[in-house]
Amino acid sequence: MVRQAPRTAAVVPAAGRGLRMGGATPKQFLTLGGLPILVHALRVLEESPAVTEIILTVPAADREYCLNEIVARYKFRKITKVVPGGEHRQDSVRHGLAQLDQSVDMVLIHDAVRPFLTVDMVARVIDAAAKHGAAVVAIPLRDTIKRVDAGGLIESTVDRSHLWSAQTPQAFQRSLLQAAHRKAHLEHYQATDDAQLMEWLGHPVTTVEGSGENMKITRPEDLRIGEAILAAREMPKKVIQ
Ligand code: C5P
């Protein structure tokens, strides 16, 4: 019997309003290097051989815009569904997961506002999740971490030797993540990422090394840092020409 390659669907939550960025346009649609931010992330997923389909969750009011100006305009062939998100990120992911067929083995969750993931990162996190059930891209903390009281006074320095920053992409067995989301929804448990839902269930989650470049675009200054990362990536190509 020929063994089928596991099917991995990517769910991309892009339904946030991006209030910390200021302005009326959700940050995932702002321009970075001449392209809407989410197009950068979607291109990497489109190029990733392990990803078989992409489900995009967007603000309900922006669905038409996304179908015409993102999916059609940039010719994404793997995006099979564009669905309205929910109030919180967790709701948007749950809406995306609800679209998945039972034949999908693995699911990769990636925030639309992290444009600098790589094809290699996607492959490594999917491999790790195939072995362990759940895996996240993460990096060790570099700064010294302080616990600060409400008045701004430092209470203590936190031992950072075991502290890591979780990023996306994060990969999971599809049935495991769907079960976690169902239970969290029923019990009104809110997590800030999908790995936290696994931890809540007591399921081990493994880490694979991410990169400092795989930043989340949150504030206006992140756009300037993002432009610098893009320029640095373009540099070697220009030197060769
Ligand atoms: O707000 P934050 O930076 O944590 O958002 C991370 C990702 O989750 C973004 O891509 C954002 O568009 C998405 N999101 C969502 N639905 C929400 C809130 C955030 O899809 N209700």
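Everything discussed here concerns the structure shown above.
Reading the values: rules and limits
Residues numbered from 1 in each chain as written. Predicted model: local features only at pLDDT ≥ 70, side-chain atom pairs only at ≥ 80, totals over all residues. Heavy atoms only, no water. Near = heavy atom within 4 Å. Polar contact = N/O pair within 3.5 Å; in protein donor to acceptor, adjacent residues only side chain to side chain. Areas by Shrake-Rupley, 256 points an atom, 1.4 Å probe, with all protein chains shown as cover. Salt bridge = Lys/Arg side-chain N within 4 Å of Asp/Glu carboxyl O. Helix = DSSP H or I, 4+ residues; strand = E, 2+ residues; numbered from the N terminus. Buried < 20%, exposed > 50% of the residue type's maximum accessible area, 1.4 Å probe, protein only. Phe/Tyr/Trp six-rings, centres within 6.5 Å; stacked < 30°, edge-to-face > 60°. Axes fitted to C-alpha atoms, helices over the stretch in contact; angles between N-to-C directions. Parallel < 35°, antiparallel > 145°, perpendicular 65-115°, else oblique. Left-handed = near helix turned anticlockwise from the far one by under 90°. Contact = heavy atoms within 4.5 Å.

Participant: Where do I start with the site of the ligand in this structure?
Facilitator: Taken together, 16 residues are adjacent to the ligand, and Pro-13, Ala-15, Lys-27, Glu-87 and Ser-92 come closest. Separating an oxygen atom of the ligand from a backbone N or O atom of Ala-15 is a distance of 2.8 Å. Here an oxygen atom of the ligand and a side-chain polar atom of Lys-27 are 2.9 Å apart. Surface burial for the ligand is 85%, taken as the share of its 470 Å² of free accessible area covered by protein chains.

Participant: Looking at this model, I keep getting lost on the pattern of salt bridges. Mind explaining?
Facilitator: A side chain of one charge can pair with a side chain of the opposite charge when the charged atoms of the two come close. This model, assessed by the stated rule, comprises ten salt bridges. The closest approach of N and O atoms between Arg-89 and Asp-194, which form a salt bridge, is 3.0 Å. Within this pair, whereas Arg-89 is found in helix H3 (residues 89-97), its partner Asp-194 is found in helix H6 (residues 194-201), the two being separated by 105 residues in sequence. The partly exposed category is assigned to Arg-89, whose relative accessible area is 24%. Classification of Asp-194 as buried rests on a relative accessible area of 2%. One salt bridge in this structure joins Arg-124 and Asp-120, with 3.0 Å as the shortest N-O distance. Residue Arg-124 and its partner Asp-120 are both found in helix H4 (residues 119-132); the two are separated by four residues, about one turn of the helix. Residue classification places Arg-124 among the partly exposed positions, given a relative accessible area of 31%.

Participant: What's the story with the packing of aromatic side chains in this structure? I'm lost.
Facilitator: Remark: the centre distance and the inter-plane angle together describe each pair of aromatic rings, the angle taken between the planes. For the coordinates displayed, the defined rule picks out two aromatic pairs. Each ring, one from Phe-29 and one from Tyr-65, has its centre 5.2 Å from the other, and the planes form 75°; the classification is edge-to-face. Pair noted here: Phe-29 is in the loop between strand S1 (8-13) and strand S2 (31-32) and Tyr-65 is in helix H2 (residues 63-72), with a separation of 36 residues, a long-range link. Between the aromatic rings of Tyr-189 and Trp-200, the centroid separation amounts to 4.2 Å while the plane-to-plane angle is 0°, which identifies the pairing as stacked. Separated by eleven residues along the polypeptide, Tyr-189 in the loop between helix H5 (174-186) and H6 and Trp-200 in helix H6 bring together distant segments of the chain.

Participant: Explain the packing of H3 against H5 here, please?
Facilitator: When two helices pack together, their arrangement is given by the angle between their axes and by how far apart the axes lie. At a closest axis distance of 10 Å, the pairing of H3 and H5 adopts a crossing angle of 130°. Taken together, the axes of H3 and H5 lie oblique to each other. Considering how the two elements wind past one another, H3 and H5 form a crossing that is left-handed. Together, Gln-90, Val-93, Arg-94 and Leu-97 of H3 and Leu-177, Gln-178, His-181, Ala-184 and His-185 of H5 make up the contact between the two elements.

Participant: When you look at unusual backbone geometry in this model, what are you seeing that I'm missing?
Facilitator: A negative phi angle characterises most non-glycine residues, just as the trans form characterises most peptide bonds. The residue after Thr-168, namely Pro-169, is reached through a cis peptide bond having omega 10°. The phi dihedral of Lys-75 falls on the positive side, at around 55°, and the residue is not glycine. Following the sequence through the fold, Lys-75 ends up in the loop between H2 and strand S5 (79-84). Classification of Lys-75 by relative accessible area gives exposed; the value is 65%. If you check the backbone angles, His-188 has positive phi at about 55° while not being a glycine. Of note, His-188 is situated in the loop between H5 and H6.

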